[in-house]
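An overview of the molecular structure
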Number of protein chains: 2
Amino acid sequence: MDYVIGIDLGGTNLKVGAVLAHGEVIFRKHMPSGVEEGRDGTIKRLLYAIEEVRFHVKGKRLAGIGIGIAGAISMKKGIVVQAPNLPGWEDFNIKEELSKKLQWPFFVDNDANVFALGEGWCGAARHNNNFICITLGTGIGGGIVLNGELWHGIDGTAGEIGHIIVEPEGIPCNCGGNGCLEMYASAKALVRIAKEGKSNKAEKIADDITADEIAKLARAGVPYFKQIFLSQARYLGIGMADLVNILNIEMIVIGGGLSKSCDLFLDAARDVMVRRSFKIAGERVKVLPAELGGDGGILGSGFLAFKGLGLL
Amino acid sequence: MDYVIGIDLGGTNLKVGAVLAHGEVIFRKHMPSGVEEGRDGTIKRLLYAIEEVRFHVKGKRLAGIGIGIAGAISMKKGIVVQAPNLPGWEDFNIKEELSKKLQWPFFVDNDANVFALGEGWCGAARHNNNFICITLGTGIGGGIVLNGELWHGIDGTAGEIGHIIVEPEGIPCNCGGNGCLEMYASAKALVRIAKEGKSNKAEKIADDITADEIAKLARAGVPYFKQIFLSQARYLGIGMADLVNILNIEMIVIGGGLSKSCDLFLDAARDVMVRRSFKIAGERVKVLPAELGGDGGILGSGFLAFKGLGLL
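In this text, all values refer to a predicted model and were calculated from it rather than measured experimentally.

Laying chain A over chain B is done by rotating through 180° and shifting 0.0 Å along the axis; what remains is an RMSD of 0.0 Å. The symmetry that links the two subunits is that of a two-fold axis. Both copies share a contact surface, since 100% of the interface residues of chain A are interface residues in chain B too.

This is the structure:
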């Protein structure tokens, strides 16, 4: 029986796993991406992890390799076009380079797109053909699936949902714009908002407070932190309403690190979305947390490879 | 030689014309939609105009009829789902009703979608497969073309570009939301902004001032009115940036009544869009005024019919 290797390459973590055609991960290897070692260092780790997976998977043939990368990818050429979290990867032709080093067919896409492929294959959107996945992590990414196919756009940059403008005079964003959703609804945004309100409140807020800690305090019922999530939910709801009004999709799936705190914001975000969307289009949208958790990227990249090979 | 009839049904005007397969309108009949006479009155006008067109077109066979309607259309059933400017048309199955009354194949879509079909066929987007048309009239509509096909969404409400949220705490919109693009960048919005600023300025502003008059004064160099268009351009640019970041399309075409004033806002709107979009995706987008003018709806509906008949 054939298997493929799925790779999830982020700015922090590198996850590599062996995936079967029915959507099972039979072996996984996690390690830091090691971006501080430069691009070559990360590629060395990646090749090592592939060897490790191959060593552990017995009695099966490796058919191909898929990878999801935290950056904008030009699909035609396989070039990383923009990758703020992977220094040195911009303008790098990963498809050409790794095809030289590896003897298996190699498929590449953006990490948020690959996440959407995974959720559509065997996650929350497995019964849907028209949905959008939003990854709420340090930043915000997105993958758009229309008629069962990823919509990449002309240059491969479609789905930049983190840069929907939610405050016309809002704070500056790394993209060069300002008031982007990413600045108001990501993990990074929660931390900023918590710190900014610091001087106005009695609670002590550590300088190195994390989104997880904010979630913990909100869940414990501390009003200040609950309020931070309500503000985040409002902006997320505005971004989702824009998506619904523009694309009239069936489902929105929320993934990324923040998705484990969906209990704190998702109902509120959905309420804002419904109120601000066209009636029929808004009410019909299911908004769900992602189902695949830490394996999502591996499964999605696995699907990318299976699909590319014509095996699915 | 075959011809089709293209119909453009708005809340104010009804335009009916005979269209040839190379994109020529050989006869056209314009009249008021007569919404005050109710739905049956408008349908009577429509049937009369079809007869008029048939009477004037000699020596050609009528192959089919296409119509673009100012409302959200459920494509599967041919039902008008939502039509604020056509009272009495909601939940009306126009496809079934007119198929009974007419002996020719009948095709229906939303007016902004039909406008996009026309511009893609023989207008500004004729060399493009991935573009968005925005109609700036009393309200704001949109048609999204991806891979050469209209994207209708699940319920037929996709492309509601007028309801992209550009001011999170903005003024209420008919859709039930608030801060929608339509409230800041349509002809209606220009008039509202002109009147609101009235008390703060020396110029006299008539109670029944129109968007055309505002344009005339802005073109004459009156700073107050020039400023109104710059505000409109900023919000339009924000909406366009959202579209670019989400969909990474090749072109945006501006139509509707306000498009004849593109000289007053389009360059400024494009600048805002480029600054607020992902670099590659934003810089590559061509932003152009529509080319088909008053015949756009007839040509688009004609194309809808030719395409539906398999003749194009």
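Here the focus is the side chain of Ser259 of chain B. All names here are of chain B. Among the structural elements, Ser259 can be located in the loop between β12 (251-255) and α8 (266-276). With relative accessibility at 17%, the residue Ser259 sits in the buried group. Among the polar contacts made by the side chain of Ser259, one reaches the main-chain carbonyl oxygen of Gly256 at a distance of 2.7 Å. Contacts of Ser259, omitting those with residues within four sequence positions, involve Leu136 and Ile254.

On to the interface of chain A and chain B, then. Contact with chain A, which involves 45 residues of that partner, is made by 45 residues of chain B. Taking both sides of the interface into account, the surface hidden between chain A and chain B amounts to around 4,100 Å²; carbon and sulfur atoms contribute 57%. The largest per-residue losses of area from chain A upon contact with chain B belong to Trp151, Ile246 and Phe278 of chain A, which jointly make up 18% of the total buried on that side. At the boundary of chain A with chain B, the tally comes to four salt bridges. If you list the elements that add at least two residues to the side of chain A that touches chain B, you get β6 (79-82), β9 (140-146), α7 (223-247), α8 (266-276) and α9 (279-283) of chain A. Sort the elements by how many residues they give to the side of chain A that touches chain B and α7 of chain A lands first, with eight residues. Looking at side-chain class alone, the side of chain A that touches chain B contains 20 nonpolar, 15 polar and 10 charged residues.

Another point: the domain arrangement of chain A. Residues and elements named next belong to chain A. Each assigned domain of chain A is listed here: domain 1 (2-118 + 294-308) and domain 2 (127-290). A straight line from the C-alpha centre of domain 1 to that of domain 2 covers 26 Å. Listed by partner, the interface residues are 13 residues for domain 1 and 20 residues for domain 2. Between domain 1 and domain 2 lies a buried interface of about 1,100 Å² when both sides are counted; carbon and sulfur atoms form 63% of it. In this structure, the salt-bridge partner of Lys307 is Glu149, at a minimum N-O distance of 3.6 Å. At the junction of domain 1 and domain 2, the tally comes to one residue pair in polar contact (both at pLDDT 80 or more). Within the residue set of the side of domain 1 that touches domain 2, elements represented by two or more residues are β5 (72-74), β7 (106-110) and α3 (111-122). Sort the elements by how many residues they give to the side of domain 1 that touches domain 2 and α3 lands first, with five residues. Tallied by class, residues from the side of domain 1 that touches domain 2 come to seven nonpolar, three polar and three charged.

Okay, the sheet that holds strand β1 (residues 2-9) of chain A next. Residue and element names in this part refer to chain A. Ordered by their spatial adjacency, five strands build an open sheet running β3-β2-β1-β4-β7, and the pairing between neighbours is mixed. Sheet topology places β3 (25-32) and β7 at the edges, where each strand pairs with a single neighbour. Looking at each pair of strands side by side, their axes are set apart by 15° on average, direction ignored. Where β1 lies against strand β2 (residues 13-19), six bridges are found, and the strand directions are antiparallel.

On to the side chain of Thr42 of chain B, then. All names here are of chain B. Relative to the elements of secondary structure, Thr42 occurs in helix α1 (residues 38-56). A polar contact is formed between the side chain of Thr42 and the backbone oxygen of Ser33, at a distance of 2.9 Å. Residues within four places of Thr42 in sequence aside, it is in contact with Leu9, Ser33, Gly34, Val35 and Trp89.

The next point concerns the pattern of salt bridges. Residue and element names in this part refer to chain A. Under the definition given, this model contains 32 salt bridges over all chains. In this structure, Lys101 engages Glu97 in a salt bridge whose closest nitrogen and oxygen atoms are separated by 3.6 Å. Placement of the pair is Lys101 and Glu97 together in helix α2 (residues 94-101), with a separation of four residues, close to one helical turn. A salt bridge links Lys188 to Glu182; the nearest nitrogen and oxygen atoms lie 3.3 Å apart. Lys188 gets classed as partly exposed once you look at its relative accessible area, which sits at 30%. Through salt bridges with shared partners, a single network forms among Glu97, Lys100 and Lys101.

Cut-offs applied
- Residues numbered from 1 in each chain as written.
- Chains lettered and ligands numbered in written order.
- Predicted model: local features only at pLDDT ≥ 70, side-chain atom pairs only at ≥ 80, totals over all residues.
- Heavy atoms only, no water.
- Least-squares fit on C-alpha atoms with pLDDT ≥ 70 in both.
- Contact = heavy atoms within 4.5 Å.
- Helix = DSSP H or I, 4+ residues; strand = E, 2+ residues; numbered from the N terminus.
- Buried < 20%, exposed > 50% of the residue type's maximum accessible area, 1.4 Å probe, protein only.
- Polar contact = N/O pair within 3.5 Å; in protein donor to acceptor, adjacent residues only side chain to side chain.
- Buried area = accessible area lost by both parts, 1.4 Å probe.
- Salt bridge = Lys/Arg side-chain N within 4 Å of Asp/Glu carboxyl O.
- Nonpolar A, V, L, I, M, F, W, Y, C, P; charged D, E, K, R; others polar.
- Domains from an automatic or database assignment.
- Pairing = 2+ DSSP bridges.
- Axes fitted to C-alpha atoms, helices over the stretch in contact; angles between N-to-C directions.

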